[in-house]
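# Examining the three-dimensional arrangement
Chain by chain, the residues:
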Amino acid sequence: NSRWAVVPVREEIRVLCVAGRPGAAKYIADALSPSPAGDSPIRPIIISDGDLAAAELMSFDGVFLCNVARLTPGDAERLMHYAQDGGGLVFFLGDRADRENYNSLTSGNEPLLPATLGEILDQRSAGIDPLDYRHPIVAPFRSRERAGLLTTPITRYHRLVLPTDRPNVEVAAA
């Protein structure tokens, strides 16, 4: 008895980091490819938010929006199709994010974000609750409390309002 599988192996993972202002994507790009020698298999490419409309999204494995203030309906539709076709889409909203704009963006009947952005909350010292590490996104941090997930200070954040009519929406961390 034998079984064979053919798995395509790529030498690099390309990630698009969209900066809403100069420097907004620097930290995420450095976190994804921390080696100064450039030997990381993850290749972040940083563009400005003005260049998003011309970007060929399907040539990237993931797209990180970093403090992008507003998205056009066309951008929202392209990002929705990208995610539906298997691309990874991550939002770091930042202080420039226009809550009304993000909440109004849909592609067909689907909203771009899985939750509605609520008010911005200011706190002296809040942190991330990994919710018992149940979700696969935070599971690698289990038993690694000093890795940064629990020690990252949060001082401002958007409260998210989860939809009641979409039971498939999961919360990875709070």
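In what follows, the structure referred to is the one given above.
Remember, predicted model here, so these are calculated numbers, not experimental data. (Residues numbered from 1 in each chain as written. Predicted model: local features only at pLDDT ≥ 70, side-chain atom pairs only at ≥ 80, totals over all residues. Heavy atoms only, no water.)

This part is about the sheet that holds strand S1 (residues 13-19). Here four strands make up an open sheet; going across it, the order is S2-S1-S3-S4 and the pairing parallel. The open sheet is flanked by strand S2 (42-48) and strand S4 (88-92), the only strands paired with a single partner. The mean angle between the axes of side-by-side strands here comes to 20 degrees, regardless of whether they run parallel or antiparallel. In terms of strand pairing, S1 meets S2 through seven bridges, oriented parallel. Bridging from a neighbouring strand, arginine 14 pairs with arginine 43 of S2. (Pairing = 2+ DSSP bridges. Helix = DSSP H or I, 4+ residues; strand = E, 2+ residues; numbered from the N terminus. Axes fitted to C-alpha atoms, helices over the stretch in contact; angles between N-to-C directions.)

Let us now look at the side chain of asparagine 101. Summarising the element assignment, asparagine 101 is placed in helix H3 (residues 99-104). Accessibility expressed as a relative area gives 7% for asparagine 101, which makes it buried. Beyond its immediate stretch of four places on either side in the chain, asparagine 101 contacts Ala69, Arg70 and Leu71. (Buried < 20%, exposed > 50% of the residue type's maximum accessible area, 1.4 Å probe, protein only. Contact = heavy atoms within 4.5 Å.)

A few words now on the pairing of strand S3 (residues 62-66). With five of five residues buried, S3 lies mostly within the body of the structure. Here S3 shows two buried faces, one formed by Gly62, Phe64 and Cys66 and the other by Val63 and Leu65. Examined bridge by bridge, S1 and S3 share five bridges and lie parallel to one another. Considered in S3, the bridge of cysteine 17 is made with phenylalanine 64. Relative to S4, S3 is paired through five bridges, and the arrangement is parallel. Counterpart to valine 63 in the pairing with S4 is leucine 89. Note on the crossover from S3 through helix H2 (residues 73-84) to S4: the handedness is right-handed. (Right-handed = clockwise from strand over helix to strand, strands pointing away.)

So, on to the pattern of salt bridges. The full count for this structure, using the stated rule, is nine salt bridges. A salt bridge links aspartate 95 to arginine 21, with the shortest nitrogen-to-oxygen separation between them at 3.6 Å. Here the residue aspartate 95 occupies a position in the loop between S4 and H3, and arginine 21 occupies one in the loop between S1 and helix H1 (26-32), the gap between them amounting to 74 residues. Ionic pairing is found between arginine 156 and aspartate 122, a salt bridge with its closest N-O pair at 3.0 Å. With arginine 156 in strand S8 (residues 154-161) and aspartate 122 in strand S7 (residues 116-126), the pair connects residues that are 34 residues apart, well separated along the chain. (Salt bridge = Lys/Arg side-chain N within 4 Å of Asp/Glu carboxyl O.)

This next bit is on the packing of aromatic side chains. Counted under the stated rule, the structure contains two aromatic pairs. Centroid distance phenylalanine 64 to phenylalanine 92: 6.2 Å. Interplanar angle 10 degrees. Geometry classified as stacked. Note that phenylalanine 64 is positioned in strand S3 and phenylalanine 92 in strand S4, a separation of 28 residues in sequence. Take phenylalanine 64: its relative accessible area is 13%, and that puts it in the buried class. Positioned over the ring face of phenylalanine 60 is arginine 14, at 4.4 Å from the centre of the ring. (Phe/Tyr/Trp six-rings, centres within 6.5 Å; stacked < 30°, edge-to-face > 60°. Lys NZ or Arg CZ within 6 Å of the ring centre and 35° of its normal.)

On to the side chain of histidine 158. Structurally, the position occupied by histidine 158 is in strand S8. When sequence neighbours within four positions are dropped, the list of residues in contact with histidine 158 reads Leu93, Gly94, Ala97, Leu117, Gly118, Glu119 and Ile120.

What follows concerns the environment of aspartate 129. Within the secondary structure, aspartate 129 is located in the loop between S7 and S8. Residues in contact with aspartate 129, not counting those within four places in the same chain, are Ala173 and Ala174. Of note is the side chain of aspartate 129, whose polar atom sits 2.9 Å from the backbone nitrogen of leucine 131. (Polar contact = N/O pair within 3.5 Å; in protein donor to acceptor, adjacent residues only side chain to side chain.)

This brings us to the environment of glycine 38. Assignment of secondary structure puts glycine 38 in the loop between H1 and S2. Distance from glycine 38 to phenylalanine 60, taken between C-alpha atoms, is 18 Å for residues 22 residues apart in sequence.

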